[in-house]
Amino acid sequence: MAAPEQAPVEAVEEKQSLPPSEQKHEHEHATYVEVQNTDLALALASGPKLKANSARSIQLFAILLVAFMGSLSNGFDGSVMSAVNGMQQYLDYFGINSQDSGGGVGTTTAIIFAIYNIGMIAGVFFAGPIADRFGRRGGMFIGGIIIIGGAVVVAVAKDIPYLLGGRFTLGFGVTITTTAAPAYVVEMSPPQWRGRLTGLYNTFYYSGSILCTGITVATGRNSSTLSWRLPLALQIVPAAILAGFAWFLPESPRWLVSVGRNEEALKILAKYHGAGDEKAPLVVLEWKEFQEGVKLDASDKRWWDYSELVNTRNARYRTFMMLLMGFFGQWSGNGLGYFLPILFGAAGANSQNQRLTLNFANTIVSASGALIGTSLTDRVGRRKMWFWGTLACSGTLAIVTGCTAKWGSTGANPAGANAAIAFIFIFGFVYSIAYTPLQALYPAECLHYNTRAKGMATYALAVSCASFVNSYTGPIALERIQWRLYIVYVVWDLFECLVIWFCAVETKGRTLEELDEIFSSPHPVRASTTKQKLAIVEGKA
């Protein structure tokens, strides 16, 4: 389908500091719009418009929905163990100490949680090469199969070694899917929708969380081992969908170009980014950038070569941004989420059913925050959301600390205890607005195509190491210093805000390849927050 005729468009570029909002200035013959990049803005203004309700777009959304199962699988495991660890049936079966704290604490629980992260760390060394060698679809398929195997083992576990083996396998498989799936979503998404679609990918973490925490409220009333075996077994479902449908998806056009399958890549790009028109301005722009940016002999063809992550100043800054999100995304207080039933117990929730119900409700609140954050990523921008969200996390955790310290589980002041629980909910809400959409989107955007799979595997390594610290030290710290653990996160979040303010690059409003100019700049932050003025002149050349 040919591109519709448009009035001639003239572009005028003027460097300006970032305004408070994208203001439009109407003149007699021109509309001035301040944009991040004029090439992309011109392509979007002069080409066929993608409509979210068109058949092609709905097909694209269905395709990406399959990839979202990678995030749903991760969310299921992250929440199911939190809930199961709060069940007395599970604790009694495996002989785990709870010290009347509302869930398992101490070294045994620390090892059970941490072994998942050790599996993720082990998977890092295979995830990048698999996604590069077999494509993004291959990575999703292989990771899904491994997750199914791990879920079967934990569901039938007879003792702690069984449980550890299954959780190690789950972590190994999740690393592969969370390397391939977000890279696939970022690369398949049209640039004008990339923030929302990739943010929605990570928001599906909460789809898994809501499903499993809701189920544990019901199964927790069953006195048999089915109470915890059934939720653990349900991890099989999203992984089976991912593995079962992966090979029916179109492959990432960027990956196809990287292996020399240009004709196939162009057809897929035109179908989903240009409404079927290979000469659509956006398709022409992206295809030109593919040809310039995707190398046939880059390090992604050598499974052992990670040098392009650090061999230039540009690459090192990209890697720095990716690692910041990896560590900050896990150390902003969300690590406490593994032990929410214990936190609710410390704040005054005394029965198992009450704690499990609060855990379920908190997941719904957090999911709503994630959806709001996803809707804002392409409007507000990544940098603003990251900074203000982290600052809000510090503030809400400070209030939780004060309320728990003064009233807590003593029951002396029910209103104070309820305030602590309320601000645990508010923390989950604000964290989800800022971090849930960005955790998959931002690192994938920052990485160059030739390093994206191995970079995302390295990102998974950073997340796994940070999560290992959370999951291993969390139960021990909660046993020994209790609510005082919150203070560590309050102070650390303030430090994160300083680093984000001075170092974080804005990636909104550019194609993935155009970000190369930003990271090559002597001042990447300044370059990323500078806008250009685009003059759209109708009826004139």
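Residues numbered from 1 in each chain as written. Predicted model: local features only at pLDDT ≥ 70, side-chain atom pairs only at ≥ 80, totals over all residues. Heavy atoms only, no water.

Named according to an unreviewed UniProt entry, the protein chain is Major facilitator superfamily (MFS) profile domain-containing protein originating from Candolleomyces eurysporus. Looking at the protein chain in UniProt, the text filed under Sequence similarities (unreviewed entry) is "Belongs to the major facilitator superfamily. Sugar transporter (TC 2.A.1.1) family." Taken verbatim from the UniProt record of the protein chain, the Catalytic activity (unreviewed entry) comment is "myo-inositol(out) + H(+)(out) = myo-inositol(in) + H(+)(in)". (UniProt positions renumbered as here; feature names shortened; annotations may be inferred.)

> I tried to follow the nonpolar core on my own but got confused; where do I start?
Soluble globular proteins: nonpolar side chains tend toward being buried together. The biggest cluster of nonpolar side chains holds 54 residues, and the ones touching the most others in it are Met321, Trp386, Tyr435, Tyr442 and Val505. Within the residue set of this core, elements represented by two or more residues are α13 (313–328), α15 (352–380), α16 (382–406), α17 (414–434), α18 (436–446), α19 (449–480), α20 (485–503) and α21 (515–520). Looking at this core, the element that brings in the most residues is α20, giving eight residues. Excluding anything up to four places from it in sequence, Met321 contacts Tyr442, Cys446, Cys503, Ala504, Val505 and Phe519. The next biggest cluster of nonpolar side chains, apart from the first, holds 40 residues, and it includes Ala180, Leu242, Leu249 and Ala453. (Core = buried A, V, L, I, M, F, W, Y, C linked by side-chain atoms within 4.5 Å. Buried < 20%, exposed > 50% of the residue type's maximum accessible area, 1.4 Å probe, protein only. Helix = DSSP H or I, 4+ residues; strand = E, 2+ residues; numbered from the N terminus. Contact = heavy atoms within 4.5 Å.)

> Teacher, can you tell me more about empty space enclosed by the protein here?
Which parts of space are left empty comes out when a probe the size of a water molecule is rolled across the atoms. Counting across every chain of the model gives two cavities of 30 Å³ or more. Estimated volume of the second largest cavity: approximately 30 Å³. As for the second largest cavity, its lining consists of Val186, Ser189, Pro191, Arg194, Arg254, Glu286, Thr511 and Leu512. Along the lines of polarity and charge, the residues of the lining of the second largest cavity split into three nonpolar, two polar and three charged. (1 Å grid on protein atoms, 1.4 Å probe; cavity = no way out; pocket = protein on both sides within 12 Å on 5 of 7 lines; lining within 4 Å. Points joined across faces, edges and corners; volume = space filled by probe spheres on them. Nonpolar A, V, L, I, M, F, W, Y, C, P; charged D, E, K, R; others polar.)

> Could you clarify how one ought to interpret unusual backbone geometry in this entry?
Glycine aside, residues mostly have negative phi angles, and peptide bonds mostly take the trans form. Positive phi outside glycine occurs at Ala275, with the angle close to 55°. Looking at the element boundaries, Ala275 is found in the loop between α11 (262–273) and α12 (281–293).

> Would you mind going over the pattern of salt bridges with me for this structure?
Pairing of side chains with opposite charge becomes possible as their charged atoms draw close. Per the counting criterion, the structure on display carries 11 salt bridges. Of the charged contacts, one joins Lys267 and Glu263 as a salt bridge, the two residues approaching to 3.7 Å between their closest N and O atoms. Taken together, the positions of Lys267 and Glu263, both in helix α11 and four residues apart, correspond to about one turn of that helix. Residues participating in the shared-partner salt-bridge network are Arg194, Arg196, Asp378, Arg382 and Glu445. (Salt bridge = Lys/Arg side-chain N within 4 Å of Asp/Glu carboxyl O.)

> So what exactly am I meant to see when it comes to α15 here?
Along an α-helix, a turn takes 3.6 residues, which lines up residues three or four apart on a common side. Its 29 residues place the ends of α15 40 Å apart at the C-alpha level, agreeing with the 42 Å of an ideal helix rising 1.5 Å per residue. Thr374 marks the point of greatest bend in α15, at about 25°. One or two residues past the end of α15 sits Gly381, with phi positive at roughly 100°. (Expected span 1.5 Å × (residues − 1). Bend = angle between axes of the 7 residues up to and from the residue.)

> Is there a simple way to think about the side chain of Arg136 in this case?
Along the chain, Arg136 turns up in helix α5 (residues 135–155). Among the polar contacts made by the side chain of Arg136, one reaches the side chain of Glu187 at a distance of 2.9 Å. In this view, Arg136 contacts Ala131, Ala180, Ala183, Tyr184, Glu187, Glu251, Ser252, Trp255, Tyr449, Arg452 and Ala453; residues no more than four positions away in its chain are not counted. (Polar contact = N/O pair within 3.5 Å; in protein donor to acceptor, adjacent residues only side chain to side chain.)

> In this structure, what is going on with the side chain of His273? I would like to understand it.
Tracing the chain through its elements places His273 in helix α11. Under the relative-accessibility criterion, His273 is labelled buried at 4%. Within polar-contact distance, the side chain of His273 engages the side chain of Glu286 at 2.7 Å. The contact partners of His273, leaving out residues within four places of it in the chain, are Leu50, Glu187, Met188, Ser189, Pro190, Pro191, Leu282, Val283 and Glu286.

> What am I meant to see in a nonpolar patch on the surface here?
The grouping of Val237, Ile241, Phe245 and Phe248 at the surface amounts to a nonpolar patch, some 410 Å² of accessible area in total. Mapping Ile241 onto the fold places it in helix α9 (residues 236–245). Residue Ile241 is classed as partly exposed on the basis of its relative accessible area of 31%. (Patch = residues over 30% accessible without salt bridge, like charges linked within 9 Å, V, L, I, M, F, W, Y side chains within 5 Å. Areas by Shrake-Rupley, 256 points an atom, 1.4 Å probe, with all protein chains shown as cover.)

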